[in-house]
Amino acid sequence: MKSETIVNPGLEGVIAAQTRLSSVDGQAGELIIAGFPVAELAGKATFEETVYLLWHDALPNSEQLTAFQKALASERVLSQVTLDLLAGIAAQKVPVIDALRMAASTLSLRTPNEAATDNAERDAYALVARFPTIVAAYWRLVNGAEPVAPRSDLHHAANFLYMLSGEVPSAERARALETYWNTVSDHGLNASTFTARVIISTQSDMVSAIVGAIGALKGPLHGGAPGPALDMVFEIGDASSAEPYLRAKLARGERLMGFGHRVYKVRDPRAEVLSAAAARLYQRDGDMTLYNRARQVEQTALALLAEFKPEHKLQTNVEFYTALLLHGLGLSKDLFTPTFATGRIAGWTAHGFEQRRLNRLIRPQSVYVGPKDRRWVPRAER
Ligand code: ACO
């Protein structure tokens, strides 16, 4: 390979997989999840239905759904090894997303009744079912409370909120979380999903792929943005401060969290779904102050981004309204990225299955730009 070869370090525009899982059209602002426009699916499906849809490329009928819910619910309880690990790391107060990454690794441990062989399906059930239990148990441990055991009679979303607070949530709150999880369940070949597929492509196992995906999701350029996005809204305080605050940030060359996207050059369709879900939630709770302030901050940010970066078409992305919705559900911002992971696990595992079926080792190339004529210098002479 010659050194003048064109290098594409961000892989923009590179198509590295065929998928039936989701389609992201950045120019049209369109997201299709397994055939459904995101706005058609997000507010109607239970999270279990979305996972089933992504795994089986079809919605379940009533019997299939009941069996699937039961199978997932029966996998919720954590092993003693996982619980001991969480208790140990809670003493060091590691961030929740790191605790999830560490604990996710323990899900490849087999019980005495399970075969020790690679079993992607068994791993996928354990990962989807136990992610909420891990996040909720760790959250309580790190805050000095005992974990709340999962309840198999509650749906996935209601059970997560129950394990966090110890109270069964209203149907509306569980619905809001399901809408969020469905919205973020899959999104083309984003960085974390690509990571998972690269790992699977080496014929490694499902748990290893998901542990890698969590690592990729954590960064502020990917799934780590909603916490800082909410901080920004709080720091601004009164909406009249938005203009000077955001202008100063942009003048310092800082990025506005919750804005911009590698693929979307128009408004992220997920922002639309989540802003409507957040509006319903805040309206029901009877206080629209924060929601209205966030909308004003968004409008000001968009005007300033157009002024500072007119050539880049920077628009609101999914993370801005994720922050507002999850805050409205009473979740601390430390839980935002882990809660994203508990939704995106649907897509990660589905991509794992797809990659296994269509596998080809993913192995791009690099251009070497270093010297080639170095001669060894003995240590004493360096
Ligand atoms: N605020 C200010 N400027 C921005 C922003 C932003 N949010 N996003 C991009 N820009 C600017 C960059 O500074 C750059 O300007 P320059 O050419 O004058 O230096 C230009 O727009 C292009 O930026 P890139 O980094 O090349 O764009 P890329 O496609 O790599 O970025 C990204 C996508 C990482 C999401 C970016 O928009 C960003 O950092 N946004 C803020 C973080 C965020 O919200 N992340 C969540 C994304 S959604 C998700 O992953 C689930």
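Up top you'll find the structure we're talking about.
This is a predicted model, so every value here is computed, not measured. Chains are numbered independently. Their residues run from 1 in the order of the written sequence. With pLDDT at 70 or above as the cut-off, local features in this predicted model cover only qualifying residues; side-chain atom pairs require 80 or more to be listed or tallied, and sums for whole chains, interfaces and linings still use all residues. Excluding hydrogens and water, the side-chain values take into account all heavy atoms of the structure.

**Focus: the packing of helix 12 (residues 242-251) against helix 14 (residues 289-308)**
Then comes step 1: The N-to-C vectors of helix 12 and helix 14 enclose an angle of 40 degrees; their axes lie 10 Å apart at closest approach. Crossing of helix 12 against helix 14: the hand is right-handed. Between helix 12 and helix 14, the contacting residues are A242, E243, L246, R247, L250 and A251 on the first element and V297, T300, A301, L304, L305, E307 and F308 on the second.
Then comes step 2: Considering only residue class, the contact of helix 12 with helix 14 consists of nine nonpolar, one polar and three charged. Axis definition: a line fit to C-alpha positions, over the contact stretch in the case of helices; interaxial angles, taken between N-to-C directions, run 0 to 180 degrees. Going along the chain from the N terminus, every DSSP run of H or I of four or more residues is numbered as a helix, and every run of E of two or more is numbered as a strand. For any helix crossing, the convention is left-handed if the near helix is rotated counterclockwise from the far helix by under a right angle, and right-handed if that rotation is clockwise. When checking whether two residues touch, look at their non-hydrogen atoms; a contact exists if any pair is within 4.5 Å. When residues are sorted by character, Ala, Val, Leu, Ile, Met, Phe, Trp, Tyr, Cys and Pro go into the nonpolar class, Asp, Glu, Lys and Arg into the charged class, and all the rest, Gly among them, into the polar class.

**Focus: the pattern of salt bridges**
Then comes step 1: Should a side-chain nitrogen of Lys or Arg be within 4 Å of a carboxyl oxygen of Asp or Glu, the pair is scored as a salt bridge. Under the counting rule described, the total for this entry stands at 22 salt bridges.
Then comes step 2: Note that E40 and K44 form a salt bridge whose closest N and O atoms lie 3.3 Å from each other.
Then comes step 3: Residue classification places E40 among the partly exposed residues on the basis of a relative accessible area of 39%.
Then comes step 4: Among the charged side chains, a network of salt bridges with common partners joins R110, E114, R122 and D123. Categorising residues by exposure relies on relative accessible area from a 1.4 Å probe, with only protein chains included: less than 20% of the type maximum marks a residue as buried, more than 50% marks it as exposed, and the intermediate range marks it as partly exposed.

**Quick word on the site of the ligand**
Then comes step 1: Taken together, 22 residues lie near the ligand, and R255, L256, F259, R262 and K309 sit nearest.
Then comes step 2: One of the side-chain nitrogen or oxygen atoms of H222 is found 2.9 Å away from an oxygen atom of the ligand.
Then comes step 3: The separation between a nitrogen atom of the ligand and a polar main-chain atom of F259 is 2.8 Å. Here a residue is near a molecule or strand as soon as one of its heavy atoms is found within 4 Å of it. Two N or O atoms form a polar contact when they lie within 3.5 Å of each other; inside protein one atom must be a possible hydrogen donor and the other a possible acceptor, and for residues adjacent in sequence the pair counts only when both atoms belong to side chains.

**Describing helix 10 (residues 206-217)**
Then comes step 1: Between the first and last residue of a helix there are one fewer steps than residues, each counted as 1.5 Å, and that sum is the expected span. Across its 12 residues, helix 10 extends 16 Å between first and last C-alpha, which sits within 8% of the 16 Å expected from 1.5 Å per residue.
Then comes step 2: Residues of helix 10 that are buried include every one of M206, V207, A209, I210, V211, A213, I214 and L217, and no others.
Then comes step 3: Those residues of helix 10 that are buried are in contact with helix 5 (96-105), helix 6 (120-142), helix 9 (191-201) and helix 16 (336-357).

**Quick look at the sheet that holds strand 1 (residues 22-25)**
Then comes step 1: At least two bridges found by DSSP between two strands are what make those strands a pair. A sheet is described by the order of its strands in space; here three strands give the open sequence 1-2-3, paired in antiparallel fashion. The sheet terminates laterally at strand 1 and strand 3 (36-37), the two strands that pair on one side only.
Then comes step 2: Both strand 2 (residues 30-33) and strand 3 contribute to a ladder of two bridges, which runs antiparallel. Its bridge partner lying in strand 3, I32 is registered against P37.

**A look at the pairing of strand 1**
Then comes step 1: In this structure, strand 1 lies alongside strand 2, joined through four bridges in antiparallel fashion. By the bridge assignment, D25 is partnered in strand 2 with E30.
Then comes step 2: Here strand 1 folds back onto strand 2, and the loop between the two strands holds four residues, one of which, G29, carries a positive phi near 70 degrees.

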